Every structure is written in structure tokens, then in C-alpha cells.
Amino acid sequence: GGNFKLETLAALVNTDGISSLVTVGGQFKIKGNPALDDLSAPALTEVDEFWIEDNDILVSLDGFGALTHVVDKITITKNAILEKCVVDVFMAGLTETGAANPTLQDLIGPDAGLSYPDDDIDGDGDPTGALYSCAADVPGGYVDNGNDCDDTTETIADGTYCTDGTTCGAGELCATGVCEATCP
């Protein structure tokens, strides 16, 4: 056991010094740091309690890419400009958590959405490869819809308009001027 806390440090702007921290058997608590905008613990994989509170200019939780397991409690609250979609993406990255009811309060902005890979670059994504992202941060090669049943060719997707005026549905292709089924 043991806690790791950075609390009420007016001059703290980043957490570069904790880059080798791997596990915390108690609270990982970052609270009341008004100048903290970059929070990162890239080697951290497991904590008992994850607590991020009242950090005025914190905008990202991207620095926790290795964190997959929170044993007991998650509290992310009162961070003035931390967007809900950022927290959604963070939460989606956790594979194990005993925190059945995380405390996620006072978050601003929209929820995270799903982004889908678009390998054939037709504007329609593969529904099987979805990942969470914020709308402004859809990664390159991804789109905001999962309408492509065959992401190897740009001619097969939901929403294809045919010359007969219809809109093709899931797995249909407009090859002969009318919608035809091409995908299971």
C-alpha cells in the first residue's frame, strides 16, 4: 500500500517527474493544482484509487495510456475545463475496474463519440474497428460513422445514392443503377 499525492501546489505545471511510476497501492490523488495543464504518468498500470480533482486548467488525461486497472474508486471532478469527452476516452481505456460507480462530475462539453477506421477512404468507416475519441480529435484515417460493410472497396457502404433516387442500405452497392445486396 501507499499513497501518491500532489496537492495544492500552485507552481506545478506538469508531472514529468513521475514518468516511471508503475503502481500505487493506495490513492493516486492530484488535487488543487491551479497551474497544472499536463498530467502524465505513462508507465502507471494500476492504482487502488484514482482521484483527479480541482485542477483549474487541466485539459487532458492522455498521459495515462498504460493505466488499465483501478481497483476501488475513480473520482474525476471539479476540473474547470476538463471536457467530458476526454474523461469518456480515458474511462474506455480501463479494462479492469472495481469502481462500479465512478464519481464523474462537473465536466463540460459533449460526450465522446466513436470513430471508425476508413481504410478505403470513402468517408464510411468499418464498424468493427471503433474507438472512442472527441469530435475535434478524430484520428487520421478514421471517420465518425461505421457505415462500411466492406472497407476494402470504396463502392460498398450504407448511404450510397443510386441513380434511381434510392439510398442503399447496409451492405448494398449501387452498381447497376439500383441498390443490390453485396455484403452479408
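Below is a short write-up of the structure.

## Remarks on the sheet that holds strand 8 (residues 131-133)
Piece 1. Strand order in this open sheet of three strands is 8-7-9, and the pairing throughout is antiparallel. Either end of the sheet is taken by a strand with one partner, and the two such strands are strand 8 and strand 9 (142-143).
Piece 2. The pairing of strand 7 (residues 113-117) with strand 8 spans three bridges and is antiparallel. The residue of strand 8 that forms the bridge with Ser-115 is Leu-131.

## Details of unusual backbone geometry
Piece 1. The residue Asp-54 is not glycine, and still its phi comes out positive at about 60°.
Piece 2. With respect to the secondary-structure elements, Asp-54 resides in the loop between strand 3 (46-53) and strand 4 (69-77).
Piece 3. One non-glycine residue, Lys-78, adopts positive backbone phi at about 60°.
Piece 4. Relative to the helices and strands, Lys-78 is located in the loop between strand 4 and helix 1 (84-92).
Piece 5. Taking relative accessible area as the criterion, Lys-78 reaches 46% and is therefore assigned partly exposed.

## A short note on the pairing of strand 1 (residues 4-7)
Piece 1. Along strand 1, the buried face is formed by Phe-4 and Leu-6; none of Lys-5 and Glu-7, which line the opposite face, is buried.
Piece 2. Note: strand 1 against strand 2 (residues 23-31), four bridges, orientation parallel. Bridge pairing in strand 2 links Glu-7 to Lys-31.

## Some remarks on the packing of aromatic side chains
Piece 1. Within this structure, the stated rule accounts for six aromatic pairs.
Piece 2. When the centroid spacing of 6.1 Å and the interplanar angle of 75° are considered together, the rings of Phe-64 and Phe-90 count as edge-to-face. In this pair, Phe-64 is assigned in the loop between strand 3 and strand 4 and Phe-90 in helix 1, connecting sequence segments 26 residues apart.
Piece 3. Here Phe-90 falls in the buried class, since its relative accessible area comes to 7%.
Piece 4. Members of the aromatic cluster, connected to one another through ring pairs, are Phe-4, Phe-28, Phe-50, Phe-64 and Phe-90.
Piece 5. Directly above the ring of Trp-51 sits Lys-29, whose terminal nitrogen or CZ lies 4.4 Å from the centroid.

Procedures and definitions
- Residues numbered from 1 in each chain as written.
- Predicted model: local features only at pLDDT ≥ 70, side-chain atom pairs only at ≥ 80, totals over all residues.
- Heavy atoms only, no water.
- Pairing = 2+ DSSP bridges.
- Helix = DSSP H or I, 4+ residues; strand = E, 2+ residues; numbered from the N terminus.
- Buried < 20%, exposed > 50% of the residue type's maximum accessible area, 1.4 Å probe, protein only.
- Phe/Tyr/Trp six-rings, centres within 6.5 Å; stacked < 30°, edge-to-face > 60°.
- Lys NZ or Arg CZ within 6 Å of the ring centre and 35° of its normal.

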